[in-house]
Amino acid sequence: MGYKKASFIENLAEKIGLIPDLHKEGYQEFDSDMRHFSDEKVAEMYENFPPPEKWNDWIEFDPKSWPKKKKTNYQIVPTTCFNCESACGLTAFIDKSSGEIKKFEGNPYHPGSRGRNCAKGPATINQVTDPDRILFPLKRKGKRGDGEWERISWDEALDTIADRIRKALKEDRHNEIAYHVGRPGHEGFMNWVLPSWGIDGHNSHTNICSSGARFGYNIWYGYDRPSPDHAEAKFILLISAHLESGHYFNPHAQRIIEGKMKGAKLATMDPRLSNTASMSDYWMPSYPGTEAAVLLAMALIILEENLYNRPYLENWTNWQEYLEAKHPDKEITFENYIEAMKEEYKEFTPEFAEKESGVKAEMIREIAVKIGEAGERFASHNWRSAGASNLGGWAVARCLHFLTVLTGAVGAKGGTSPNSWNKFKPEVPNPPKPQKKWNELHFPKEYPLAFFEMSQLLPHFLKEGRGKMDVYFSRVFNPVWTYPDGFTWMEMFMDETKFGLHAALTPIWSETAFFADLVLPMGLAPERHDINSYATHGGTWVAFRQPVLREAARRNGTPVQYTYEANPGEVWEEDEFWIELSWRIDPDGSMGIRKHFESPKRPGEKITIEEYYQYIFERIQGLPEAAKKEGLSEFEYMSKYGAFEIEKGESYKKNENLLSKEQLKGSVVDKKNGVIRKNGKDIGVMINGEAMVGFPTPSRKNEFYSQTMVDWNWPEYSTPTYIKSHIHNDVLDKSKGEYVLVPTFRLPTLIHSRSGNAKWLVEISNRNPIWMHPEDAAKWNFKTGDLVKMNTDIGYFIDKVWVTQSMKPGVVACSHHIGRWRREQDSDGNRWATNTVDIENTATGQWKMSTKRGIKPFESSDSDSKRIFWKDGGVHQNITHAVHPDPISGMHTWHQRVRIEKPGPDDNYGDIFVDTNKSHEVYKEWLAMARPAPGPDGLRRPLWFKRAFKPDESTYYIKDDKNNPEK
Ligand code: SF4
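Residues numbered from 1 in each chain as written. Predicted model: local features only at pLDDT ≥ 70, side-chain atom pairs only at ≥ 80, totals over all residues. Heavy atoms only, no water.

With reference to specific residues and values, describe empty space enclosed by the protein.
For the coordinates displayed, the defined rule picks out nine cavities of 30 Å³ or more. Listing elements by their share of the lining of the largest cavity, those giving two or more residues are α16 (384-387) and α19 (479-482). In terms of residue count, α16 provides more of the lining of the largest cavity than any other element does, three residues in total. Of the residues in the lining of the largest cavity, the class split is 18 nonpolar, 18 polar and seven charged. (1 Å grid on protein atoms, 1.4 Å probe; cavity = no way out; pocket = protein on both sides within 12 Å on 5 of 7 lines; lining within 4 Å. Points joined across faces, edges and corners; volume = space filled by probe spheres on them. Helix = DSSP H or I, 4+ residues; strand = E, 2+ residues; numbered from the N terminus. Nonpolar A, V, L, I, M, F, W, Y, C, P; charged D, E, K, R; others polar.)

What follows is the structure, given as structure tokens:
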């Protein structure tokens, strides 16, 4: 690293104070060639940020009034960003004279983001002041989807919903109530609410997002997400555009760069030269879906070059079980294990991987050796991208974790830990017992291993009469636009026999809210309470999202009772909404619901929001002491700082934690595999004579061999495997113009649905052309800006071409998050980003969408709305995709086989056509690939598998004779 010596320009800039003096003593400490920033040093870099003791009265001069000196007195209140899952810290600057929020900056006291944000953090101010935002609860007038609304009170909304839910519960129609979440970030709250109602009512967006990768990790070690320790790593391998848009985007990105500044090498596998790839030491532009072949080739090199970590493999993988099951003729010795693995992967030479992926064998070899040499300090991540895009995409995460296991980097410093080691779990007051219901509309028998709810299939299940939704909440969730096959969603939403009452809990108008019965405005980042905790590094933190105007009122001695009293209009928050609704469902407490929402301190009375959070905060390790030091309650402490660091960053190797004498009392050790059991549950494993906690798998180790896969009818995948994707080169007919479309990447400035009301973000990114390599463009005679017809399995969309060398030849790509629309009859919403479209239903199931108008300037309370210069709102591509559920993980596999065509004379930019009859046929084709439950013992799902909102164990057994004749 050559950073120590300042350049002439740096010197000058530092001298005149243009940038901080990065070269002053103490700012850089070199450990050989490694620069080290401690957390304290990072905090020092933010020395210009107002100190917390001045947060109630901070003066700044308005830069726009220069040269006049115009003073503004601010009150600064922390919250957390709501624009992606990372929940970075924000601070709201509230003008004390007007009581308005003027801007957002980072919160240096947030241990995950450490004062930094991506562009979407400060753009929160756009969302708050958006002239098109929904300010009051609305009820539809006329037919669903007609676009007519009337204002109602919160009381009316609550009573309407509560009456309907009460009736459904009393009639034992629990499975007709569901809560479907898009953007979560509400740690533990709904786990409190839904089981309290006794329903298996949680549905999520995870099967269109991350469940593929989750399955791949879980099958190895019982944890479903990685927590890479980027800042301490020597080698980082990313299978996604992680620096620009990956999971835990900003907190990870800053630590990846920190790792690089300390000497780590970075490799990225991505068919697109993303911003991440451009910052990498190695770019591997792999053909989509072949990533696992490359990873297995690396594994083979690590094995052949003896770069593996023998003690780790010996102690922490279930190699004996593997040899016994797959090589019964071999003696059970560690040497035979290594030899058997080499034999198993012998076809995965770097040359084979190059043939599959297009990544040069030489580069694969070089990276494999570097990973082996990094040893325990090998950090890696695979999130949506490959894991979310391919048939068998889950196998990419499984093969990536194989490298982590081979190097012994699992849970090591600079390695990759399980996510839950770095995540705080709240303890809620009056917790309910797990529900005694299993909702097959969410977890159907066909997908016993599906890692999350089969949410993408819900409209198809409804269409074929598997059930109905009597009360359906969509929560910051926009499936009509975000999901594949949005027209089938729209058809079902318009059918009142399928969706009885649809309440959209949303901060913005969306393509889904247009088809709701009630539109209930919920708060943005500075308008709601939530707690957040994410695995951003080798430590654990908790952060507090709070309605900042309510908190300011509390500090100023004018507290409010309900958050909507402090927010703009009557924008509310979900916490209070759910508490209130739960009381109204069970007004006299006879249904056993109300008791869960009573105050822990005032028996029989309704819990307040302060009481709920105080209950949680006073149980956080170390927080009571920190609060006491400042003479504050735990709630006041969190309201003041917005975050608390629970563990500083040494939470490594937790699998080696020893079981206490107390824990071991009454336990037995399985002689065969050393698993320690107590009261019928596995609690640990014997390793070299010591009783350790291990991993939550049947063997309590990393499972190189998975008996679970064998037991659940997938014996061909008992060990890490490369699965050829549905868009593998072998299945594309190039002579017909077939290509693979990569639709999964996002631009770092966009949020799924919610950048539509953030003008700064839309100004930066407002189109989604088809990325095409010059060689492919030449074949088709395309130039940048030419129209292209992209034919999918169920229809087509017309987009424009962008010719760029940043795309791998033979592959095309189109970013998501763009192509938002509204119809003529819809309320004004997201006008910074939406095209006005016409939707025609030309025959049963035949839908045509055409753009009537692009984006144009409009009059509003925001003078910027007259200055809109962009016209092109992009094209909605997801609606033309059929559902492709992976038969094992359940993940929607996003990559599309598309047939590229030159548009005809009647084709216009933005035209979309879809046949939902075809999409239902495609659904059935993919459904036929599934291998349904029951599994062993009549189970509908392996008991050791995680499940969101896990119901009572008794529900895991299929009881009807038709599906389980043996029972
Ligand atoms: S990464 Fe950006 S969008 Fe995500 S929470 Fe942080 S600031 Fe917000």
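Following the structure, the description resumes.
Explain the sheet that holds strand β18 (residues 499-506) residue by residue, including any values.
If you walk across this open sheet you meet the seven strands as β8-β7-β19-β18-β17-β9-β10, and the pairing is mixed. Among the strands making up the open sheet, the edge pair consists of β8 (148-151) and β10 (202-203). In terms of strand pairing, strand β9 (residues 177-181) meets strand β17 (residues 469-475) through five bridges, oriented parallel. Note that in β17 the partner of V181 across the bridge is R475. Relative to the sheet, helix α22 (residues 574-585) contacts β9, β17, β18 and β19 (518-521), its axis offset from that of β17 by approximately 160°. (Pairing = 2+ DSSP bridges. Contact = heavy atoms within 4.5 Å. Axes fitted to C-alpha atoms, helices over the stretch in contact; angles between N-to-C directions.)

Describe in detail a nonpolar patch on the surface, supporting the description with residues and values.
A surface patch of nonpolar side chains, amounting to about 670 Å² of accessible area, comprises F8, I9, L12, I16, L18 and I19. On the secondary structure map, I16 appears in the loop between α1 (8-15) and β1 (30-31). Here I16 falls in the exposed class, since its relative accessible area comes to 60%. (Patch = residues over 30% accessible without salt bridge, like charges linked within 9 Å, V, L, I, M, F, W, Y side chains within 5 Å. Areas by Shrake-Rupley, 256 points an atom, 1.4 Å probe, with all protein chains shown as cover. Salt bridge = Lys/Arg side-chain N within 4 Å of Asp/Glu carboxyl O. Buried < 20%, exposed > 50% of the residue type's maximum accessible area, 1.4 Å probe, protein only.)

Can you tell me about the site of the ligand, naming the residues and giving the values?
What surrounds the ligand is the set C81, N83, C84, S86, A87, C88, N117, C118, K120, G121, F249 and N250. Looking at the shell around the ligand residue by residue, the class counts come to six nonpolar, five polar and one charged. (Near = heavy atom within 4 Å.)

Tell me what's going on with the pairing of strand β5 (residues 89-95), and back it up with residues and numbers.
Counted residue by residue, β5 has seven buried out of seven residues, so it is predominantly covered. Of the pairings in the sheet, the one linking strand β4 (residues 71-80) to β5 comprises seven bridges and is antiparallel in character. Pairing of I76 across the sheet is with F93, part of β5. As defined by bridge partners, β5 adjoins strand β6 (residues 101-106) across five bridges and the pair is classed as antiparallel. Note on β6: the bridge partner recorded for I94 is I101. Turn length for the β5-β6 hairpin, with the two strands adjacent in sequence and antiparallel, is five residues, and the turn residue G99 shows positive phi of about 75°.

Explain the domain arrangement of the protein to me, and be specific about the residues and the numbers.
Each assigned domain of the protein is listed here: domain 1 (8-129), domain 2 (133-204 + 431-529 + 565-603 + 937-967), domain 3 (211-424), domain 4 (658-692) and domain 5 (729-927). The distance between the C-alpha centroids of domain 2 and domain 3 comes to 37 Å. Taken together, the seven residues of domain 2 in the interface contact 10 residues of domain 3. At the boundary of domain 2 with domain 3, total buried surface from both sides reaches about 790 Å², with 63% on carbon and sulfur atoms. In terms of surface lost to domain 3, no three residues of domain 2 exceed F451, W944 and K946, which account for 59% of the buried area on that side. One can count zero salt bridges joining domain 2 with domain 3. Summed over the shared surface of domain 2 and domain 3, the result is one residue pair in polar contact (both at pLDDT 80 or more). (Domains from an automatic or database assignment. Buried area = accessible area lost by both parts, 1.4 Å probe. Polar contact = N/O pair within 3.5 Å; in protein donor to acceptor, adjacent residues only side chain to side chain.)

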